[in-house]
Amino acid sequence: MHERGEPVVIVGAGLIGLGIAYELARRGASVRVIDAHEPGRAASWAGAGMLAPYTEAHPSADFEAFCVSSLALYPEFVADLRARSGVDARLALDGILEAAYDSPAQDRLRAQVESRLARGIPARWLDRDELQRFEPALGRTARGAAFSPSEGHVDNRRLGRALRGACDALGVRIDENTGPVALEADARRVLGMRHPRGFVPAGAVVNAAGAWAGSIEGLPPHAVLPVAPVKGQMLALAMSSNFIRRVLWLPGAYLVPRDDGRLLVGATVEDAGFDVRVTAAAMRTLLDAALAALPSLAELTIVEMWAGLRPATPDGLPYIGPTSLGGYFVAAGHYRNGILLTPATARLIADILEGRSTGIDAFSPLRAQEAPQPAAK
Ligand code: GLY
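Residues numbered from 1 in each chain as written. Predicted model: local features only at pLDDT ≥ 70, side-chain atom pairs only at ≥ 80, totals over all residues. Heavy atoms only, no water.

### Quick notes on the domain arrangement of the protein chain
Next up, step 1: Partitioning the protein chain into domains gives domain 1 (8-86 + 156-224 + 314-369) and domain 2 (96-152 + 229-312).
Next up, step 2: Measuring from the centre of the C-alpha atoms in domain 1 to the corresponding centre in domain 2 gives 28 Å.
Next up, step 3: If you look at the interface, domain 1 gives 25 residues, while domain 2 gives 29 residues.
Next up, step 4: Interface area, domain 1 with domain 2, both sides summed: about 2,300 Å², of which 58% is carbon and sulfur. (Domains from an automatic or database assignment. Contact = heavy atoms within 4.5 Å. Buried area = accessible area lost by both parts, 1.4 Å probe.)

Given below as C-alpha cells:
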C-alpha cells in the first residue's frame, strides 16, 4: 500500500477522516488518526446530514456522478457501521421536497423536474393537493413542490459515533485533542506527523482536516492547498412526531426532521473566517424564512443553536488524491457535501493508496498546487 511498514496517518477525525480510517482498516491496513481537537465535532457534527446530490447541485458532471455514487453506497455503509458499532445512523432515503411559493419558482421547479426525468433521474412534480398529503404541516400556501424521491438524510452526529465505534472495533488508534499538528517531510516525501505529545511516523499521511486542511503546519509551500472556512449557522426546534416528515427546501432555508423530535432549520452561508459564534441576525434570517413558509412553526420551542465551518475550495470541487509531495494525500474541501461524500471519498482514497486508482482528475489536488521548487543544491 505504501513504501514502508509504518501506518497510514490520517489528520482529522471528522466523518471524512474516520471514514477513510474505517475503509483502510477493513482492508487490513495499519491506520492511525490524529485530531487536534475532539473527534467528529466540527462540520461532521454541525451539518444537517442531507444526502442530496441533485437538490444541492453543483454544475460539474464529475461532481454529480461522485455524489450519486456515494449516495448508492450509503445503505450498506450504514448497515455495516451498525453491525460493527451498535449505533444506527438513521438513514432515511424517503425523498426531498423543494416547495414553490410563487409562479417563477413553480416554473423553475417544474422545468427542473422535466430536465431530471429526461436524464433518467427520479423526479416528480407534486401539485398543491398532493403536497398537502405528503406534508400536511405545509398548509396550502405552497403552490406545489419538486419531489426528488431518491434523496434523503442521515443523522450525522449518530454517524460520527457509529464510525468512531467501528474504527475502535477495527483497532484504529485515534489520538484526540492533541493540540496543533505539523507534518514532517524531507525534500522528497512525508516522514510523519508531530504534535505536542510526540512524533508519529507515517508511511503515508492523509489530510482530512476539513476547514483546517489549508492550515496544517510544516508543509512545503507547493503542497499547501487553498481550503477556506465558510460558516453555516443552524437551529433546532422541538416538534411533535411526524410534524415534518421529509427534508423540505424552502425559499431561504431548509428543514431536516430528526427522529429524536428535533427539526433542524438551516443554514446560513457566511464568509467569517473561523468564527463559530451564533448571531442574532443569522437566527432571525433563518426563522424569518422558515416562518414565512410555515407559520405553524411559530409556537415550537428552540432547543439548540449552533454554527459550523464548511471546507470550501476556489472552484467548489474537493481535493481528493495524491499531491506534489510523496506520501502526502488530501481528502478535503467537500464544502456542502462532506457527509454525503464520506463513503465514496473513503473508497477512493483507499483505492488510491492501494494503487488501484489514480483518482478522479477533476478532484486532483495537483490542480491547485504550485510547481515544486527544485531542492537546494
Ligand atoms: N449541506 C447543507 C449545507 O451546507 O448547508
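### A few points about the nonpolar core
Next up, step 1: Counting 53 residues, the largest nonpolar core has Ile-10, Ile-20, Leu-24, Leu-159 and Val-206 as its most contacted members.
Next up, step 2: Secondary-structure elements contributing two or more residues to this core are strand E1 (8-11), helix H1 (15-26), strand E2 (31-34), helix H3 (61-85), helix H6 (156-169), strand E12 (204-207), strand E19 (328-332) and helix H8 (342-353).
Next up, step 3: The biggest single contributor to this core is H3, with nine residues.
Next up, step 4: Filtering out sequence-adjacent residues up to four positions away, Leu-159 remains in contact with Leu-15, Tyr-74, Phe-77, Val-78, Leu-81, Ala-89, Val-154 and Ile-339.
Next up, step 5: Counting 29 residues, the second largest nonpolar core, distinct from the first, contains Ala-145, Leu-235, Ile-244 and Ala-253. (Core = buried A, V, L, I, M, F, W, Y, C linked by side-chain atoms within 4.5 Å. Buried < 20%, exposed > 50% of the residue type's maximum accessible area, 1.4 Å probe, protein only. Helix = DSSP H or I, 4+ residues; strand = E, 2+ residues; numbered from the N terminus.)

### Side note on the packing of aromatic side chains
Next up, step 1: Throughout the structure, instances matching the rule amount to eight aromatic pairs.
Next up, step 2: Seen from their ring centres, Tyr-22 and Phe-77 are 5.8 Å apart, and the 65° between their planes marks the pair as edge-to-face. A residue pair is termed long-range when its members are at least 10 positions apart, and Tyr-22 in helix H1 and Phe-77 in helix H3 qualify at 55 residues.
Next up, step 3: Residue Phe-77 is classed as buried on the basis of its relative accessible area, which comes to 6%.
Next up, step 4: Here Trp-45 and Trp-306 contribute two aromatic rings whose centre-to-centre distance is 6.4 Å and whose plane-to-plane angle is 65°, an arrangement assigned as edge-to-face. One end of the pair, Trp-45, is in helix H2 (residues 43-46); the other, Trp-306, is in strand E17 (residues 301-312), with 261 residues separating them in the sequence. Each of the two residues, Trp-45 as well as Trp-306, counts as buried.
Next up, step 5: One aromatic cluster is present, formed by Tyr-22, Tyr-74 and Phe-77 through successive ring pairs.
Next up, step 6: When the ring centre of Trp-45 is taken as reference, the NZ or CZ atom of Arg-41 above it lies at 4.1 Å. (Phe/Tyr/Trp six-rings, centres within 6.5 Å; stacked < 30°, edge-to-face > 60°. Lys NZ or Arg CZ within 6 Å of the ring centre and 35° of its normal.)

### Some thoughts on the site of the ligand
Next up, step 1: For the ligand, the full set of nearby residues is Met-50, Glu-56, Tyr-254, Ala-267, Arg-310 and Arg-336.
Next up, step 2: A distance of 2.6 Å is found between an oxygen atom of the ligand and a side-chain nitrogen or oxygen belonging to Tyr-254.
Next up, step 3: Here an oxygen atom of the ligand and a side-chain polar atom of Arg-310 are 2.7 Å apart.
Next up, step 4: Burial of the ligand by the protein chains amounts to 89% of its free accessible area of 200 Å².
Next up, step 5: Class assignment for the residues of the shell around the ligand results in three nonpolar, no polar and three charged. (Near = heavy atom within 4 Å. Polar contact = N/O pair within 3.5 Å; in protein donor to acceptor, adjacent residues only side chain to side chain. Areas by Shrake-Rupley, 256 points an atom, 1.4 Å probe, with all protein chains shown as cover. Nonpolar A, V, L, I, M, F, W, Y, C, P; charged D, E, K, R; others polar.)

### Description of H3
Each α-helix winds once per 3.6 residues, and so residues spaced three or four apart point in a common direction.
Next up, step 1: Between its first and last C-alpha, H3 extends 35 Å over 25 residues, near the 36 Å set by a 1.5 Å rise per residue.
Next up, step 2: Maximal helix bending in H3 amounts to about 40°, located at Tyr-74; proline Pro-75 follows within four positions.
Next up, step 3: Along H3, the residues classified as buried are Phe-63, Glu-64, Phe-66, Cys-67, Ser-70, Leu-71, Leu-73, Tyr-74, Phe-77, Val-78, Asp-80 and Leu-81.
Next up, step 4: Those residues of H3 hidden inside the fold are in contact with H1, strand E3 (50-51), H6, strand E18 (319-322) and H8. (Expected span 1.5 Å × (residues − 1). Bend = angle between axes of the 7 residues up to and from the residue.)

### Focus: unusual backbone geometry
Next up, step 1: Of the consecutive residues Gly-266 and Ala-267, the connecting peptide bond is found in the cis state with omega at -25°.
Next up, step 2: With respect to the secondary-structure elements, Ala-267 resides in the loop between strand E16 (262-266) and helix H7 (280-293).
Next up, step 3: The backbone phi angle of Asn-242 is positive, close to 70°, even though this residue is not glycine.
Next up, step 4: Among the secondary structure elements, Asn-242 is positioned in the loop between strand E13 (228-238) and strand E14 (247-250).
Next up, step 5: Since its relative accessible area comes to 54%, Asn-242 is described here as exposed.
Next up, step 6: Of note in this structure, Tyr-335 is not a glycine but carries a positive phi near 50°.
Next up, step 7: Following the sequence through the fold, Tyr-335 ends up in the loop between E19 and H8.

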